[in-house]
Amino acid sequence: MNNLTSINSILMVRLITGKPKLSATLERTHKQIAYANGADESFVRAPSAKLFETKNNAIGQVNNLINGMGLYLKKRGMSVPDFDGTTYQQAINADEIQLEFDKRKDQIEFLLREVHENYQSYVNEGHKHISGFRDEVQWPTADEFVNGYKFELKWLGQPQSIENSVLSAVSSETAARVRASSELAVSQMLLEAHGGTIEAAIREMGDTIEALTKGSRLRQERFDRLESCMDDLRNKNWLNLPELDSIIDALKPCIVGADTLPDNHQRRDHAKKLAEAKRTAEKTLTDLGL
């Protein structure tokens, strides 16, 4: 934690999302399937039916805008361990993040007005696609469907340990233990977030090693993704951990053009080099206690 220039340079941001029911369980069909096969229905997975088409229409666009915001935040920050939907972000990016959210929020609200105005047409299309199953399910009303969407951004401030003033009513011994535990938890959570970027690089290296050694088609995208992982290790090293620099140094020579490895012999040799970089990353996780 002492490696941070200032703890105030990092914020926690929570993205709250929700979507309405887009499919429904076919309970009657479920019972019929179980009965016809002499099975206990609790042991048989119930079939379901989509209620709405979600491709190439306003509903799909809304879903993409919501999902895309989560990806946007993860790309620029790091997931906070054990806090779903929450990321660490650098304070200098707050304006950019808020503008991106506001832009998407405006687009979502516009599209949901369109969905509400033309809701029956979406229901009718669902009727057409599920045909004889339509009597088994119930569509939400237009208001229920539109109001089922949630898209909120909450700024939680900087991660910090418990202040002394909060502990004024407890014994000095307990206060000391709580403060120490709190300081360790804040430090460990931020360290674990850095570990997430290392784990992502390890996974990508493993997939690339497999592609190099299994004789499958080697695509340039493999090495582009490795380079993206390396960029994350460099740009998201907010604690200035020298261990991450070691991974970068080991990984950098492994990022080459796929067309420079035309035969199996060269690919196997390159896989060995990449396996060494992967071991460096795995050792770093161990050294950091992650």
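Provided above is the structure to which this section pertains.
Residues numbered from 1 in each chain as written. Predicted model: local features only at pLDDT ≥ 70, side-chain atom pairs only at ≥ 80, totals over all residues. Heavy atoms only, no water.

Participant: Just to check I follow, could you spell out the sheet that holds strand E4 (residues 78–79) for this structure?
Facilitator: Pairing between the strands of a sheet is mediated by backbone hydrogen bonds and can be parallel or antiparallel. Taking strand neighbours across the sheet as the criterion, the 4 strands line up as E4-E5-E1-E6 in an open arrangement whose pairing is antiparallel. Each end of this open sheet is capped by a strand with a single partner; those strands are E4 and strand E6 (150–155). Across 5 bridges, the pairing between strand E1 (residues 10–18) and strand E5 (residues 86–90) is antiparallel. Paired with Arg-14 across the strands is Thr-86, a residue of E5. Along the sheet, helix H2 (residues 58–76) makes contact with E1, E4, E5 and E6, crossing E1 at roughly 160°. Here helix H3 (residues 94–117) sits on the sheet in contact with E1, E5 and E6, set at roughly 165° to E6. (Pairing = 2+ DSSP bridges. Helix = DSSP H or I, 4+ residues; strand = E, 2+ residues; numbered from the N terminus. Contact = heavy atoms within 4.5 Å. Axes fitted to C-alpha atoms, helices over the stretch in contact; angles between N-to-C directions.)

Participant: Looking at this structure, how should I read the layout of surface pockets?
Facilitator: To find leftover empty space, a probe the size of one water molecule is rolled over the atoms. When its volume is computed, the largest pocket comes out at roughly 490 Å³. Along the wall of the largest pocket there are 23 residues; nearest its centre are Lys-74, Gly-77, Thr-197, Asp-232 and Lys-236. Of all the secondary-structure elements, those providing two or more residues to the lining of the largest pocket are H2, E4, helix H6 (172–213) and helix H7 (220–235). The element best represented in the lining of the largest pocket is H6, accounting for 7 residues. Taken together, the residues that form the lining of the largest pocket break down as 6 nonpolar, 9 polar and 8 charged. Taken as a whole, the second largest pocket holds about 270 Å³ of empty space. Surrounding the second largest pocket, 17 residues form its lining, Lys-74, Asp-84, Gly-85, Thr-86 and Thr-87 being those nearest its centre. (1 Å grid on protein atoms, 1.4 Å probe; cavity = no way out; pocket = protein on both sides within 12 Å on 5 of 7 lines; lining within 4 Å. Points joined across faces, edges and corners; volume = space filled by probe spheres on them. Nonpolar A, V, L, I, M, F, W, Y, C, P; charged D, E, K, R; others polar.)

Participant: Honestly, helix H1 (residues 27–36) in this entry has me stumped. Any pointers?
Facilitator: Helical geometry: 3.6 residues make up each α-helical turn, so side chains three or four residues apart lie on a common side. Inspection of H1 places Thr-29, His-30 and Ala-34 among the buried residues, and these make up the whole buried set. Looking straight down H1, one finds its buried side chains confined to an arc of 135°; they lie on one side. H1 presents Tyr-35 and Ala-36 as exposed residues on the side facing more than 90 degrees away from its buried surface. Gly-38 sits one or two positions beyond H1 and adopts a positive phi of about 65°. (Buried < 20%, exposed > 50% of the residue type's maximum accessible area, 1.4 Å probe, protein only. Arc of directions from axis to C-beta.)

Take it as geometry only, folks, not as evidence of what the structure does.
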